[in-house]
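What follows is each chain in one-letter form.
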Amino acid sequence: MSFQNLQLNSEMLRAVKRVGYSEPTPIQVRAIPHILEGRDIVGCAQTGSGKTAAFALPIVQMLKSARGKRRIRVLVLAPTRELAAQIDEEFGKFSRESALRHTAIFGGVGQQPQVKALQHGVDIVVATPGRLQDLMNQGYIRLDQLEYFILDEADRMLDMGFINDVKRIIKRLPKARQTMLFSATMPQTIQDLSRSILTDPVKVEANPQSTTVESIEQSIYFVEGGDKRALLKHILRDPASKRVLVFTRTKHRANNLAKQLSRARIPAEAIHGNKSQTARTRALARFKSGHTPVLVATDIAARGLDISDVTHVINFDLPNIAESYVHRIGRTARAGASGIAYSFCDVDERKYLREIEALIQKPIEVVSEHPYASAIAAPKRQNGVSKPRHNGASKPPHQNRRRRPRRNRQARPA
Ligand code: AMP
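Residues numbered from 1 in each chain as written. Predicted model: local features only at pLDDT ≥ 70, side-chain atom pairs only at ≥ 80, totals over all residues. Heavy atoms only, no water.

Peer 1: Break down the site of the ligand for me, with residues and values.
Peer 2: Taken together, the neighbourhood of the ligand is formed by 17 residues, with Y21, Q28, G48, G50 and T52 sitting nearest. Take E23: an N or O atom from its main chain is 2.8 Å from a nitrogen atom of the ligand. Contact distances for the ligand include 2.7 Å between an oxygen atom and a backbone N or O atom of G50. For the ligand, the accessible surface in isolation is 500 Å², of which the surrounding protein chains cover 87%. Among the secondary structure elements, those contributing two or more residues to the shell around the ligand are α3 (51–65) and α4 (81–94). Looking at side-chain class alone, the shell around the ligand contains four nonpolar, seven polar and six charged residues. The residues that make up the shell around the ligand include at least three from each of domain 1 (3–205) and domain 2 (216–386). (Near = heavy atom within 4 Å. Polar contact = N/O pair within 3.5 Å; in protein donor to acceptor, adjacent residues only side chain to side chain. Areas by Shrake-Rupley, 256 points an atom, 1.4 Å probe, with all protein chains shown as cover. Helix = DSSP H or I, 4+ residues; strand = E, 2+ residues; numbered from the N terminus. Nonpolar A, V, L, I, M, F, W, Y, C, P; charged D, E, K, R; others polar. Domains from an automatic or database assignment.)

Peer 1: How would you sum up the packing of aromatic side chains? Please name residues and give values.
Peer 2: Applying the stated criterion across every chain yields a total of six aromatic pairs. Summarising the aromatic geometry, the rings of F55 and F91 are spaced 6.2 Å apart at their centres and angled 50 degrees between planes, so their arrangement reads as tilted. Remark: F91 occurs in helix α4 and F55 occurs in helix α3; sequence separation between them is 36 residues. In terms of burial, F55 and F91 fall into one category: buried. Pairing F55 with F182 gives two aromatic rings, centres 5.5 Å apart and planes at 40 degrees, and the pair type is tilted. With F55 in helix α3 and F182 in strand β6 (residues 178–183), the pair connects residues that are 127 residues apart, well separated along the chain. (Phe/Tyr/Trp six-rings, centres within 6.5 Å; stacked < 30°, edge-to-face > 60°. Buried < 20%, exposed > 50% of the residue type's maximum accessible area, 1.4 Å probe, protein only.)

Peer 1: Give a detailed account of the sheet that holds strand β2 (residues 74–77), specifying residues and quantitative values.
Peer 2: Ordered in space as β3-β4-β2-β5-β6-β1-β7, the seven strands form an open sheet in which the pairing is parallel. Of all strands in the sheet, those with a lone pairing partner are β3 (102–105) and β7 (202–205), marking the two edges. In this sheet, neighbouring strand axes are inclined to one another by 15 degrees on average, regardless of whether the strands run parallel or antiparallel. Pairing of β2 with strand β4 (residues 124–127) involves four bridges; the strand directions are parallel. Following the sheet pairing, V74 is matched in β4 by I124. Lying on the sheet, helix α2 (residues 26–36) is in contact with β1 (41–44), β6 and β7; it crosses β7 at an angle near 160 degrees. Strands in contact with helix α5 (residues 112–120) are β3 and β4; relative to β3, the strand with the most contacts, it is inclined by about 150 degrees. (Pairing = 2+ DSSP bridges. Axes fitted to C-alpha atoms, helices over the stretch in contact; angles between N-to-C directions. Contact = heavy atoms within 4.5 Å.)

Peer 1: Help me get a handle on the environment of V126, residues and values and all.
Peer 2: Inspection of the secondary structure assignment puts V126 in strand β4. The buried category is assigned to V126, whose relative accessible area is 0%. For V126 and A84, which are 42 residues apart along the polypeptide, the C-alpha to C-alpha distance reads 5.7 Å. Sequence-distant contacts of V126, that is, excluding residues within four places in its chain, are made with V76, A84, I87, D88, F91, T103, A104 and I105.

Peer 1: Which residues make up helix α15 (residues 322–329), and what are the values?
Peer 2: For α15, the tally of buried residues reaches seven of eight residues, placing the bulk of the element in the interior. Taken together, the buried positions of α15 are occupied by A322, S324, Y325, V326, H327, R328 and I329.

Peer 1: Give me the side chain of T185: which residues, what numbers.
Peer 2: With respect to the helices and strands, the residue T185 is situated in the loop between β6 and α9 (188–197). A distance of 2.6 Å separates polar atoms of two side chains, one belonging to T185 and the other to D155.

Peer 1: Would you mind going over helix α13 (residues 277–288) in detail, with residue names and values included?
Peer 2: Taking 1.5 Å of rise per residue, 12 residues should cover 16 Å, and α13 covers 16 Å from first to last C-alpha, within 8% of that figure. Taken together, the buried positions of α13 are occupied by Q277, A279, R280, A283, L284 and F287. Across the axial projection of α13, the buried residues extend over an arc of 165 degrees, all falling on one side. Buried residues along α13 sit in contact with α4, β9 (244–247), β10 (268–271) and β11 (294–297). (Expected span 1.5 Å × (residues − 1). Arc of directions from axis to C-beta.)

Peer 1: An account of the pairing of strand β5 (residues 148–151) is requested, with residue identities and associated values reported.
Peer 2: Residues Y148 and I150 of β5 are buried on one face, and the alternating residues F149 and L151, pointing to the opposite face, are buried as well. Two strands pair when backbone bridges link them, and β2 and β5 are joined in this way by four bridges, in the parallel orientation. Bridge assignment links L75 to a residue of β5, and that residue is F149. As judged from the four bridges shared by β5 and β6, these two strands associate in the parallel manner. Each bridged residue has a counterpart across the sheet, and for F149 the counterpart in β6 is T179.

Peer 1: Outline the pattern of salt bridges, listing residues and values.
Peer 2: Summed over the entire model, instances satisfying the criterion amount to 23 salt bridges. The salt bridge partner of K228 is D346, with a shortest N-O separation of 4.0 Å. Of the two residues, K228 sits in helix α11 (residues 228–236) while D346 sits in the loop between β13 (339–345) and α16 (350–360), which places them 118 residues apart along the sequence. The residues K228 and D346 share a single accessibility class, namely buried. In the salt-bridge network here, residues are joined through shared partners; they are K228, R249, R253, D317, D346 and E349. (Salt bridge = Lys/Arg side-chain N within 4 Å of Asp/Glu carboxyl O.)

Below, the structure is given as structure tokens:
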């Protein structure tokens, strides 16, 4: 399937070429023709599937073919500032040849530049719910002429407690509009919301969770909590660890870990919700440019971040929600590339590991030999079958992989 088969016009095909996309992703193949026909869409797709271009390309094409007085015609709601900024950037890539104007609206920064952009006149607004409502209430944003509404990462809106804000915003939108809802998972509340805001939607699904996971080499390291830091440094000293996204459970742990790594001469920065927007943008830019090879993040901060060429995702802490594992490791192996995901698991995290393996429907391979292998967590070691190596630097730990036999899985302590 090529972009030529999707009813995109020559300008959009040029844009796709300029951006460097050679062929459409499954969600683009499935969604673009329906969006161009004017249908509402419910898209079950996660970040990394190419869903942003799946709606941005047809929308830019449709906006261009019906110009009039400038007014806000498209509203995209996104749960995080970073995601809003990225979606806005993607619109920028595709609307470069057009006179369309787009802007991102989010909190954590002064509102004045955003107000100025709005007063200048924009066609496309990409916003987080809080700042959007602030500016609507101050009279800077009018949405009565809106034609297209996109609710992105609806499940994350729910997790982050934004769902009522989202509903309040939707109540203020014109009823006659084209609506697209994207969500990685479809909990009941999101299904109910879809029914109430979409008209006869086409359901498009891409990236059932296991397909994203398949191209990623996943391993688990059993390690005691107190040894996680040393194990991480050991892995990061492997020259293959060029651009590494590390996940921790809390902001506090992200901060501490980034500081400790930097002290050990492994340049690292933390990105989480307590950092100012400027600090987050700067950290992200330095990571993207390769200046800082290690970015330590919490789930919320990393959600939706468009970071390409991540060589490794390391779950320093396993997530307590199994779906988050899939989202996290989806940061590597984007758009067809392969990637590596390591997860550290201490004895208290075994229950999370079981849930993750149930979700992805396969066991994750265990790295049986590494310098910090946990005696409690790795029963096989006690039989002398495998020994911890202390000269780990000579061979990267991921080369010591074995498929875990089934009986070994059952032998894990609870
Ligand atoms: P998204 O799921 O929208 O966050 O997109 C994930 C990443 O894939 C982004 O870096 C996009 O720029 C990139 N991308 C989107 N569509 C394509 C495509 N057809 N070919 C290659 N990369 C793409």
